[in-house]
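One-letter residues, chain by chain:
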Amino acid sequence: MYEIRIENKSFKTIEFIFLSDFLNFIPKNKIVFQKTNLFKSFDIIVSENSLKKIFDFVLSKNSTLQYELNKFKKIKIKIPLEFNINNPYRFLLAQIIFYKNLNFLYSYQNVGINFLSKKKRCILADDMGLGKTIQTLIAADKLIKKEECKCNIIVCPNSLITNWKSEIAKWTPFLKCEEINNNDFNDKSEIKKKIFTSNFLIINYEKIPNLKKFLETFQYTFSLVIADEAHRLRGNTSKVAYNFKKIKSDKCWLLSGTPFENNLDDLRNIISILDLKTAHSKRDFSLTFLNSILRKYTLRRMKSDVLKDLPKKHKHIQLLDFNSHGKKEYKKILKQISLLSKDNKIGYFSKLLNICIENKFERSQEIIENFLSSRRKIIVFSYLTKPLEKLLNYLPNEISKQSLLLTGKLTKEERDQVLKNFKNAKLNKNILLLSSFLGSVGLTLTNANVAIFLSEYWNPSANAQAEDRLFRIGQKKDVDIISLRIKNSVEENLESILTTKTSINKRILKCLEEEEKRLSLIYSSS
């Protein structure tokens, strides 16, 4: 049961309805009134079904309002003192208020909110899945309420724009956000209008150069710039990073779950956004010194430190054998590679991986069938996207009709629809075949609790980010992470290669060299 309180206090408004409509949703024999002396107010106890009808009605008036039924415990409706509860058919305009108990925040998130609120320039570098977006929005909301912020701009990857919009609607529904799109740059007055009428502007990284060019003619200082997935700004030769620094703002908050500490140039470039004194210095600072500066601006917490009650994550590596055809094809490609120069070997690497991946389809189907029988939702990751398409065609019809494919070939709108369908329990879409690149940033997919890696990227942080789409705040069940690898192949050395702090190309070449050494030993008898 849920409680709805009607009272004459003053609250902020997000929607207007006629009180007569509101009362007509609830059968009179289901209403319990209890009058209080302090205020002219009534406690109304209703069933969950009745409450949902009220929400649906309000949503029909305001289709952009986002809600989750189980998060709302009360609705407050303001009514005048002279209201006669016995005359529900009187068309009285009332205000309906949704509010949540702010105790839903974890203590570490309150620390993060206070950290952001007090800093002009900083990095919130929490481990992936700890709610950086929520902390950022509530901290920004506090500043807006104090009138310390006017227009704020959020810079993020294109794939996360919809996520930011929905999070703003969910956590700060009184704040207005607008996306800057390509057409806005053709009509400069449209951007100006959005700046002066919005609390948040949202723009992707690729449009930053266009925004910088616009701001050269229209001198404007944003109250706050928020850069999500801020590791995009690391490269000191990056055009995006260069133009980002030209955007004027009173405050700048960088959000990233990816550490910056391992590269001197990347580190210096990030610090140049935060510490102007160090940025303008000609000195050659050491990695140790720059890290000491970075720590002054950074708040970073790990899941293992702050979320003791998070469900467990079980990681499994399954080594599989080649089938006879796969073994023959792999040997053929490997022999071709041995005759090539180093510069030409990289291009053949994906051919080896594709042969490995196609040898995993049968096992992938078995795993999927097993977890579907337990009514679990599954994500299949692959950083090579063509195998995902092939797997979809390989799976039997009763499984493929439960599957969705999400790769970079889809438009932003199509991607959003795929994710929406996957999260909709009524549609019975229980398998998501997902590009690891798209799945490595910002998405929340906690409705699934099984991840199968058909192929893994040769960068451990990218794989960890993909895992954290499932293993994050909001996950209620234990998570199974299954990596499928082929024995006697480039994949068998993956674990040791991933721990090597070298460039990806060097890792691949090292692995190919090892394969060539093994060639005569492994296949000489075949």
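The structure under discussion appears in the preceding block.
Residues numbered from 1 in each chain as written. Predicted model: local features only at pLDDT ≥ 70, side-chain atom pairs only at ≥ 80, totals over all residues. Heavy atoms only, no water.

Participant: Any chance you could explain the sheet that holds strand E13 (residues 313–320) here in plain terms?
Facilitator: On the basis of which strands lie adjacent, the open sheet formed by six strands has the order E13-E18-E17-E14-E16-E15 and parallel pairing. Strands at the two margins of the open sheet, each flanked by one partner only, are E13 and strand E15 (403–406). Averaged over all pairs of adjacent strands, the angle between their axes in this sheet comes to 20°, without regard to strand direction. Bridge analysis of E15 against strand E16 (residues 431–435) gives four bridges, and the strand direction is parallel. Within E16, the residue paired with leucine 404 across the bridge is leucine 432. Seen against the sheet, helix H16 (residues 386–394) touches strand E14 (378–382), E15 and E16 and runs at an angle of roughly 160° to E16. Along the sheet face, helix H18 (residues 412–423) touches E14, E15 and E16 and points at about 150° away from the line of E15. (Pairing = 2+ DSSP bridges. Helix = DSSP H or I, 4+ residues; strand = E, 2+ residues; numbered from the N terminus. Axes fitted to C-alpha atoms, helices over the stretch in contact; angles between N-to-C directions. Contact = heavy atoms within 4.5 Å.)

Participant: What exactly am I supposed to notice about empty space enclosed by the protein here?
Facilitator: One way to see where empty space is left: roll a probe the size of a water molecule over the atoms. Inspection of every chain in the model, using the stated rule, returns two cavities of 30 Å³ or more. In this model, the second largest cavity occupies a volume close to 30 Å³. If you go around the second largest cavity, the residues you meet are Tyr383, Ser436, Phe437, Tyr457, Ala462 and Asn463. Classifying every residue of the lining of the second largest cavity gives four nonpolar, two polar and no charged. (1 Å grid on protein atoms, 1.4 Å probe; cavity = no way out; pocket = protein on both sides within 12 Å on 5 of 7 lines; lining within 4 Å. Points joined across faces, edges and corners; volume = space filled by probe spheres on them. Nonpolar A, V, L, I, M, F, W, Y, C, P; charged D, E, K, R; others polar.)

Participant: Which parts of the structure should I look at to understand the pairing of strand E11 (residues 249–255)?
Facilitator: Looking along a regular strand, one sees the side chains alternate between the two faces of the sheet. Burial of E11 is extensive: six of the seven residues sit out of reach of the surface. As paired strands, strand E6 (residues 121–124) and E11 are joined by four bridges and run parallel to one another. Residue pairing in the sheet places arginine 121 in a bridge with cysteine 252 of E11. (Buried < 20%, exposed > 50% of the residue type's maximum accessible area, 1.4 Å probe, protein only.)

Participant: Can you walk me through the nonpolar core in this structure?
Facilitator: Proteins that are soluble and globular tend to have nonpolar side chains buried together. By size, the foremost hydrophobic cluster in this structure holds 53 residues, and its most contacted members are Trp164, Phe200, Trp253, Ile379 and Leu432. It is helix H4 (residues 132–145) that contributes the most residues to this core, seven residues altogether. Setting aside residues up to four positions removed in sequence, isoleucine 379 forms contacts with Phe422, Leu432, Leu434, Leu445, Ala448, Val450, Ala451, Ile452 and Leu470. (Core = buried A, V, L, I, M, F, W, Y, C linked by side-chain atoms within 4.5 Å.)

Participant: Got a minute to help me understand the pairing of strand E9 (residues 200–204) in this structure?
Facilitator: Burial analysis of E9 places five of its five residues in the buried class, which makes it a mostly covered element. As paired elements, strand E7 (residues 152–156) and E9 share five bridges and run parallel to each other. Note on E9: the bridge partner recorded for valine 155 is isoleucine 203. As defined by bridge partners, strand E8 (residues 177–179) adjoins E9 across three bridges and the pair is classed as parallel.

Participant: Sorry, what's going on with the environment of proline 396 here?
Facilitator: With respect to the helices, strands and loops of the structure, proline 396 is situated in the loop between H16 and helix H17 (397–400). With 31 residues separating them along the chain, proline 396 and glutamine 365 place their C-alpha atoms 8.6 Å apart.

Participant: Is there a simple way to explain the packing of aromatic side chains in this structure?
Facilitator: By the definition in use, this model includes nine aromatic pairs. Here the aromatic residues Phe196, Phe214, Phe218, Tyr220 and Phe222 are joined through ring pairs into a cluster of three or more. Lying across the ring of phenylalanine 422, lysine 377 places its NZ or CZ 4.6 Å from the centre. (Phe/Tyr/Trp six-rings, centres within 6.5 Å; stacked < 30°, edge-to-face > 60°. Lys NZ or Arg CZ within 6 Å of the ring centre and 35° of its normal.)

Participant: What is the right way to read the side chain of serine 382 from this model?
Facilitator: Within the element layout of this structure, serine 382 appears in strand E14. At 2.8 Å, the side chain of serine 382 and the side chain of serine 455 are in polar contact. (Polar contact = N/O pair within 3.5 Å; in protein donor to acceptor, adjacent residues only side chain to side chain.)

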